Amino acid sequence: MTVSVTGATGFIGKRLVQRLHADNHNVRVLTRSKSKAELIFPVRDFPGIIIAEESRWKDCIEGSNAVVNLAGMPISTRWSPEIKKEIKHSRIRVTSKVVDLINNSPEGVRPNVLVSATAVGYYGTSETRVFDESSPPGNDYLAEVCREWEGTALKVNKDVRLALIRIGVVLGKDGGALAKMIPIFMMFAGGPLGSGKQWFSWIHLDDIVNLIYEAISNPSYKGVINGTAPNPVRLSEMCEQLGNVMGRPSWLPVPDFALKAVLGEGATVVLDGQRVVPAKAKELGFPFKYPYVKDALRSILS
Ligand code: NDP
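Residues numbered from 1 in each chain as written. Predicted model: local features only at pLDDT ≥ 70, side-chain atom pairs only at ≥ 80, totals over all residues. Heavy atoms only, no water.

**Q** I keep staring at the packing of helix H6 (residues 176–187) against helix H9 (residues 256–263) and nothing clicks. Help me out?
**A** Packed helices, taken two at a time, are described by their axes: the angle between them and the distance between them. One can describe the packing of H6 onto H9 by two numbers: an axis separation of 10 Å at closest approach and a directional angle of 140 degrees. The angle between H6 and H9 falls in the class oblique. Viewed along their axes, H6 and H9 form a crossing whose handedness is right-handed. In this structure, H6 contributes Lys180, Met181 and Ile184 to the contact, and H9 contributes Ala258, Leu259, Val262 and Leu263. Residues belonging to the contact of H6 with H9 are distributed by class as follows: 6 nonpolar, no polar and 1 charged. (Axes fitted to C-alpha atoms, helices over the stretch in contact; angles between N-to-C directions. Helix = DSSP H or I, 4+ residues; strand = E, 2+ residues; numbered from the N terminus. Parallel < 35°, antiparallel > 145°, perpendicular 65-115°, else oblique. Left-handed = near helix turned anticlockwise from the far one by under 90°. Contact = heavy atoms within 4.5 Å. Nonpolar A, V, L, I, M, F, W, Y, C, P; charged D, E, K, R; others polar.)

Below is the structure:
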């Protein structure tokens, strides 16, 4: 199979590309910076991989069997009005470009599947509600970003299978929110954040990569699919488990300001959560490797 990937140089994309390459698929890395991507995917380790900047994306997308769209400016920064604009614009712009290139591909070389990222921020935040794929959107800033991001992907031709993966907080060692939270936990005693009652809908990096991989090749994966583990936890439990795994007592609360210092307003994804369940993935029989946060954290931190 030939797969083109935007955002391939990021936290999730890197692992996905490694997996696709290891399984002998042809991978085309669609990036804004060829030199950066060449450092991440050196030819000696990734022979045969094609790395293309935006002017060459058309040639890559034409002839691909699948396109995976992961690009977007990181949200864990300080949200000035300009940054908020770019968080949204970066996602809409790249998704729109990918969709146009797919729709304009001549038949015969048109990809037959688009797997496009979105986020559980779609649902807004709540301490009490449970959200599945049929739940309505929220009405805060991140919900608005996700709605428009998904709306752009939905413009892809109807003969192209579209899987929209609403991703939760991805847990992995070398990136994402966890990598930024760990030093804070080391600095403080590692207790709950805020009230601790907020929901934390997480997924292990291996599982999100496997879910995207499955969505590329399995025709049953279409429409919206929540990319979250089956057992979301309250933040107090997440912090307790993190404390246990790291051998830190978890009785002293970590102040919100400390997390905001490293995640900026992006800390909202951790501090104001939502309880999201992967109803569709379960219905599809997706085999979660890490259904419980304790095992996920152990695998990452041990
Ligand atoms: P990263 O931030 O690690 O990487 C995203 C990639 O997007 C970058 O490698 C970069 O690729 C590209 N990018 C960065 N800034 C811009 C910009 N201003 N304009 C266009 N492209 C840009 O993301 P993740 O791997 O963590 O996540 C992948 C997708 O999944 C993202 O869209 C993210 O919002 C979504 N998601 C991730 C979650 C998580 O916990 N990690 C949770 C929920 C959703 P290049 O420089 O090669 O062009």
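**Q** What should I look at first to understand the packing of aromatic side chains in this one?
**A** Two aromatic rings, taken as a pair, are described by how far apart their centres are and by the angle between their planes. In total, this model carries 5 aromatic pairs according to the counting rule given. Note on Tyr123 and Phe131: the rings are 5.3 Å apart at their centroids and 15 degrees apart in plane angle, and the pair reads as stacked. According to the relative accessible area criterion, Phe131 is buried, its value standing at 1%. For the ring pair Phe286 and Phe288, a centre distance of 4.9 Å and an interplane angle of 85 degrees mean the geometry is edge-to-face. (Phe/Tyr/Trp six-rings, centres within 6.5 Å; stacked < 30°, edge-to-face > 60°. Buried < 20%, exposed > 50% of the residue type's maximum accessible area, 1.4 Å probe, protein only.)

**Q** Please clarify how helix H12 (residues 293–301) should be interpreted in this entry.
**A** At 3.6 residues per turn, the α-helix brings residues three or four places apart onto the same side. Among the residues making up H12, those that are buried are Val293, Ala296, Leu297 and Ile300. The arc enclosing the buried residues of H12, seen along the axis, measures out at 95 degrees, which places them on a common side. Tucked into the core, H12 has its buried residues touching strand E8 (169–171), H6, strand E10 (202–204), strand E12 (233–234) and helix H8 (235–246). (Arc of directions from axis to C-beta.)

**Q** Teacher, can you tell me more about the sheet that holds strand E1 (residues 2–6) here?
**A** Note: strands within a sheet are paired through backbone hydrogen bonds, in either parallel or antiparallel orientation. An order of E3-E2-E1-E4-E5-E7-E11 is seen for the 7 strands of this open sheet, with the pairing classed as parallel. Edge strands, defined here as strands with exactly one partner in the open sheet, are strand E3 (50–52) and strand E11 (223–227). If you compare each strand with its neighbour and ignore which way they point, the axes differ by 20 degrees on average. With respect to the sheet, helix H5 (residues 141–153) is in contact with strand E5 (113–119), strand E7 (161–167) and E11, its orientation differing from that of E5 by roughly 175 degrees. Set on the sheet, helix H7 (residues 205–217) makes contact with E1, strand E4 (66–69), E5, E7 and E11; between it and E7 the angle comes to about 170 degrees. (Pairing = 2+ DSSP bridges.)

**Q** It is not clear to me how the environment of Thr6 should be interpreted in this structure. Could you clarify?
**A** Of note, Thr6 is situated in strand E1. Among the residues examined, Thr6 registers a relative accessible area of 0% and is labelled buried. Non-local contacts of Thr6, meaning those with residues more than four positions away in its chain, are made with Leu30, Trp57, Val68, Asn69, Leu70, Ala71, Val94 and Val98. Separated by 2.7 Å, the side chains of Thr6 and Asn69 make a polar contact. (Polar contact = N/O pair within 3.5 Å; in protein donor to acceptor, adjacent residues only side chain to side chain.)

**Q** Please explain the pattern of salt bridges as it appears in this structure.
**A** Any two side chains of opposite charge can pair, given that their charged atoms come close. Under the criterion given, the structure shown has 13 salt bridges. In this structure, Asp206 engages Arg15 in a salt bridge whose closest nitrogen and oxygen atoms are separated by 2.8 Å. Of the two residues, Asp206 is situated in helix H7 and Arg15 in helix H1 (residues 11–22); the sequence distance between them amounts to 191 residues. Given a relative accessible area of 16%, Asp206 falls into the buried group. Judged by relative accessible area, which is 32%, Arg15 ranks as partly exposed. (Salt bridge = Lys/Arg side-chain N within 4 Å of Asp/Glu carboxyl O.)

**Q** Honestly, the environment of Arg56 in this entry has me stumped. Any pointers?
**A** One can find Arg56 in the loop between E3 and helix H3 (57–61). Note: C-alpha distance between Arg56 and Thr31 (25 residues apart in sequence) is 9.7 Å.

**Q** So what exactly am I meant to see when it comes to the side chain of Thr228 here?
**A** Here Thr228 is to be found in the loop between E11 and E12. In this structure the side chain of Thr228 is engaged in a polar contact, spanning 3.5 Å, whose partner is the backbone oxygen of Val276. Not counting chain neighbours up to four residues away, the residues in contact with Thr228 comprise Val120, Arg166, Gly168, Ser201, Trp202, Ile203, Val276, Val277, Pro278 and Phe288.

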